[in-house]
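A closer look at the structure
Single-letter residue listing:
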2 protein chains.
Amino acid sequence: MATADIRRIDLVEVAPRDGLQSIAEPVSTEEKIALIAGLLDAGVRRMEIGSFVSPKAVPQMADMREVVAGLGERWTDGLAVLIPNAKGAEIAVEAGCRALVFVLSVSETHNLRNVRRTVGESLDQLRAIAAVMARTPGIALRVDLATAFDCPFDGSVPEARVREVFEATRSIVPRAEFALCDTTGRADPFRVRALFAGLIAADPTVRWAFHGHDTFGMGVANAFAAYDAGVRVIDGSTAGLGGCPFAPGASGNTATEDLVYAFARGGIETGIDMTRLLAVSDRIAALPGGRTGGHLRTVPRDRVTLVR
Amino acid sequence: MATADIRRIDLVEVAPRDGLQSIAEPVSTEEKIALIAGLLDAGVRRMEIGSFVSPKAVPQMADMREVVAGLGERWTDGLAVLIPNAKGAEIAVEAGCRALVFVLSVSETHNLRNVRRTVGESLDQLRAIAAVMARTPGIALRVDLATAFDCPFDGSVPEARVREVFEATRSIVPRAEFALCDTTGRADPFRVRALFAGLIAADPTVRWAFHGHDTFGMGVANAFAAYDAGVRVIDGSTAGLGGCPFAPGASGNTATEDLVYAFARGGIETGIDMTRLLAVSDRIAALPGGRTGGHLRTVPRDRVTLVR
């Protein structure tokens, strides 16, 4: 079982980053700040608020500096930004960010299609990012290992390959947090638990996280399975915002509210107020062009209780 | 862990009973038979095909005899019918049924509202059913313990009450299969696993089943948790047919295809062919007036693979 405190979990909110970037229509800076503030008010302690990427690549993230600046006194070090390279890391740190997220795929094909680099080139970028971090003490890094279970192009990803890419990244940034990401949503709870359990048994000192999707209906089950293996950091996207690139209308990211429900009822403290979270969920669901999912938002509010 | 074979699970299909009874518009006898035959062709080994109840109470089930007769050579003893009382048991046995299902609620309030009897009166009926069974050898009985986790009227149901009602029923029909039913869908995987684990530890010889709903997004997670505790019989409804009485539009029964996906990928044999099952799921989803749910039906078919 767990090496970590078994009565608490950190849910990492990704709607402002992974969610909003899936919306083609521009969302105003004010709306982004309001959403982030609403999520903080709901008790979210960790959140990915956006990406310092090229505005050409992701136009939705063009106002990243303004979002960070606009949060003003609401800023906390639990707010993280995705950075694609060392240049992005420099800009993010300059803007005041203290938590960075770097994504590389376990699958070579997916990495090439997603970030237009080989895995080896992504590891080179990670080295350059580590150099930036070395110049500014106190920067936290999370490495997202995308397609850690399944690749949309190559199918099932062998466990040996996951270990190989993980060890390669860890040798560069040994104190980072590492997330196994079920990018396609095709992972099942048996696999999620077994993979994490094996990695945690091999070295219980690594800080692991799980990023799941609900496209195939496995979202909550996979999160439960990851928790069961000892993972204490799990991603969610309020309203399930994020969609699924290959399945229009299908749900994408696992909804934070569904995760809060499962864990809070299980007696696991998330720090999140469901009523406030569902209010933000309604606001997100009202954004034009957003693909949403999740279950809790669709049941009558008077039926939702976290006490059993 | 499990006392049962850990590589196989029986998924009990309930769409023709629990699902169809939620549809107000009449479904033809031919369509019912075609759905049941399609599910058998997909590899379903156990199924609730309907109820021998008063046509006044459930008009959709008025042609129950015709459905049973119409199955002809397709008939197997894995096909079960719900019976509300001893009279229903007699009619079902006469019609050729060899597997009966009796429902009573753990919650007194829910039992009164659902079947208009006290729990004590339901136990009296169960005694009368046992007497009918004693006259015809080879009849299998399953007892559904509804509201075993949560009651729509009274909220959380204490574990001691579950044990009490279970023991009372078991003393009457010791060789029955017993199902804990998450009638509202509000149970969480931590509770499901803990409750079953406690009961199985107390007596590993009892044959347990789990009936769950996906209204709150917990369907697959709860089934996984039940399996984890040692349960090897789990209900599903193809296309998630069944809806939710208090939440129009919200999903109800956990979709069989979502369960097949989770277990088959986990290496647990279900005997069900996903392609054929999804074809039946499409047919069910096309029924007028049906409330459907589930995830697998909504993703592109070429993305669905049970091999990982």
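For the structure, check the block above.
Residues numbered from 1 in each chain as written. Chains lettered and ligands numbered in written order. Predicted model: local features only at pLDDT ≥ 70, side-chain atom pairs only at ≥ 80, totals over all residues. Heavy atoms only, no water.

This part is about the interface of chain B and chain A. Taken together, the contact between chain B and chain A spans 40 residues of the former and 40 residues of the latter. Summed over the three residues of chain B that lose the most area to chain A, namely F190, F224 and R303 of chain B, the buried surface amounts to 21% of that side. Linking chain B with chain A are 6 salt bridges, by the criterion used here. Salt-bridge contacts for R308 of chain A lead to D188 of chain B; the nearest nitrogen and oxygen are separated by 2.7 Å. When residues of the side of chain B that touches chain A are assigned to their parent elements, the largest contribution, 6 residues, is made by helix α9 (residues 219-229) of chain B. Of the residues in the side of chain B that touches chain A, the class split is 21 nonpolar, 8 polar and 11 charged. (Contact = heavy atoms within 4.5 Å. Buried area = accessible area lost by both parts, 1.4 Å probe. Salt bridge = Lys/Arg side-chain N within 4 Å of Asp/Glu carboxyl O. Helix = DSSP H or I, 4+ residues; strand = E, 2+ residues; numbered from the N terminus. Nonpolar A, V, L, I, M, F, W, Y, C, P; charged D, E, K, R; others polar.)

With that out of the way, let us pick up the pairing of strand β4 (residues 99-105) of chain B. Residues and elements named next belong to chain B. Judged by how many residues are buried, β4 sits mostly within the fold: 7 of 7 residues are covered. Burial along β4 is two-sided: the residues A99, V101, V103 and S105 and L100, F102 and L104 are all buried. In terms of strand pairing, strand β3 (residues 79-82) meets β4 through 2 bridges, oriented parallel. Along β4, the bridge assignment pairs V81 with L100. This β-α-β element, β3 to helix α4 (residues 86-95) to β4, shows right-handed connectivity. Strand direction decides the pairing type here: β4 and strand β5 (residues 140-146), joined by 7 bridges, are parallel. The residue of β5 that forms the bridge with A99 is A140. (Buried < 20%, exposed > 50% of the residue type's maximum accessible area, 1.4 Å probe, protein only. Pairing = 2+ DSSP bridges. Right-handed = clockwise from strand over helix to strand, strands pointing away.)

As a further point, take the packing of α9 of chain B against helix α10 (residues 256-265) of chain B. Residue and element names in this part refer to chain B. In the contact formed by α9 and α10, the axes pass within 10 Å of each other and the chain directions differ by 45°. In this view, α9 runs oblique relative to α10, as classed from their interaxial angle. Crossing hand, α9 versus α10: right-handed. Across the interface between the two elements, V220, A223, F224 and Y227 from α9 touch D258, L259, A262 and F263 from α10. A class-by-class count of the residues in the contact of α9 with α10 yields 7 nonpolar, no polar and 1 charged. (Axes fitted to C-alpha atoms, helices over the stretch in contact; angles between N-to-C directions. Parallel < 35°, antiparallel > 145°, perpendicular 65-115°, else oblique. Left-handed = near helix turned anticlockwise from the far one by under 90°.)

Right, let's get into the pairing of strand β1 (residues 10-13) of chain B. Residue and element names in this part refer to chain B. Going residue by residue along β1, you find D10 and V12 tucked away on one face and L11 and E13 tucked away on the opposite face as well. Alignment of β1 against strand β10 (residues 233-236), held across 4 bridges, turns out to be parallel. Directly across from V12, in β10, lies its bridge partner D235. Relative to strand β2 (residues 46-51), β1 runs parallel, the two being bridged by 2 bridges.

Residue and element names in this part refer to chain B. Taken as a whole and assessed by the stated rule, the structure comprises 48 salt bridges over all chains. A salt bridge links R45 to D10, with the nearest nitrogen and oxygen atoms 3.2 Å apart. Taken as a pair, R45 in the loop between α2 (29-41) and β2 and D10 in strand β1 lie far apart in primary sequence, 35 residues in all. Given a relative accessible area of 28%, R45 falls into the partly exposed group. Residue R207 is joined to E177 by a salt bridge in which the shortest nitrogen-to-oxygen separation is 3.8 Å.

With an axial shift of 0.0 Å and an RMSD of 0.0 Å, the rotation relating chain B to chain A amounts to 180°. Those values place the two copies in the arrangement expected of a two-fold rotation axis. Measuring from the rotation axis to each C-alpha of chain B, the shortest distance belongs to A221 of chain B, at 1.9 Å. A symmetric contact is evident, with 100% of the interface residues of chain B recurring at the interface of chain A. (Least-squares fit on C-alpha atoms with pLDDT ≥ 70 in both.)

Mapping R186 of chain B onto the fold places it in the loop between β8 (177-181) and α8 (189-202). Polar side-chain contacts of R186 of chain B include one of 2.8 Å to the side chain of D150 of chain B. (Polar contact = N/O pair within 3.5 Å; in protein donor to acceptor, adjacent residues only side chain to side chain.)

In this section: the packing of aromatic side chains. Both the distance between ring centres and the angle between the ring planes are used here to describe each pair of aromatic rings. Residues and elements named next belong to chain A. All told, the structure shown has 23 aromatic pairs over all chains when counted by the stated rule. Summarising the aromatic geometry, the rings of F149 and F210 are spaced 6.2 Å apart at their centres and angled 80° between planes, so their arrangement reads as edge-to-face. Placement of F149 in the loop between β5 (140-146) and β6 (150-151) and of F210 in strand β9 (residues 207-211) is noted, with a sequence separation of 61 residues between them. A ring pair is formed by F166 and W208, whose centres lie 4.7 Å apart and whose planes are at 45°; its orientation type is tilted. Linking F166 in helix α7 (residues 159-172) with W208 in strand β9, this pair joins segments that are 42 residues apart in sequence. (Phe/Tyr/Trp six-rings, centres within 6.5 Å; stacked < 30°, edge-to-face > 60°.)

Before going further, it helps to examine unusual backbone geometry. Residue and element names in this part refer to chain B. For R116, which is not a glycine, the phi torsion comes out positive at approximately 55°. Summarising the element assignment, R116 is placed in the loop between α5 (108-115) and α6 (119-135). Looking at R116, the relative accessible area reads 74%, which means it is exposed. You will see that T147, though not glycine, has its phi angle at about 50°, which is positive. Structurally, T147 is set in the loop between β5 and β6 (150-151).

Tracing the backbone shows D228 of chain B in helix α9. Polar side-chain contacts of D228 of chain B include one of 2.7 Å to the side chain of R193 of chain A.

Next up on the list: the environment of A57 of chain A. You can see A57 of chain A is positioned in the loop between β2 (46-51) and α3 (64-71). With relative accessibility at 59%, the residue A57 of chain A sits in the exposed group.

Further remarks concern the environment of A229 of chain B. All names here are of chain B. If you trace the backbone, A229 turns up in helix α9. Judged by relative accessible area, A229 falls into the buried class, the value being 8%. Separated by 35 residues in sequence, A229 and A194 have C-alpha atoms that sit 7.5 Å apart. Every residue in contact with A229, bar those within four places of it in the chain, is listed here: R193, F196, A197 and I200.

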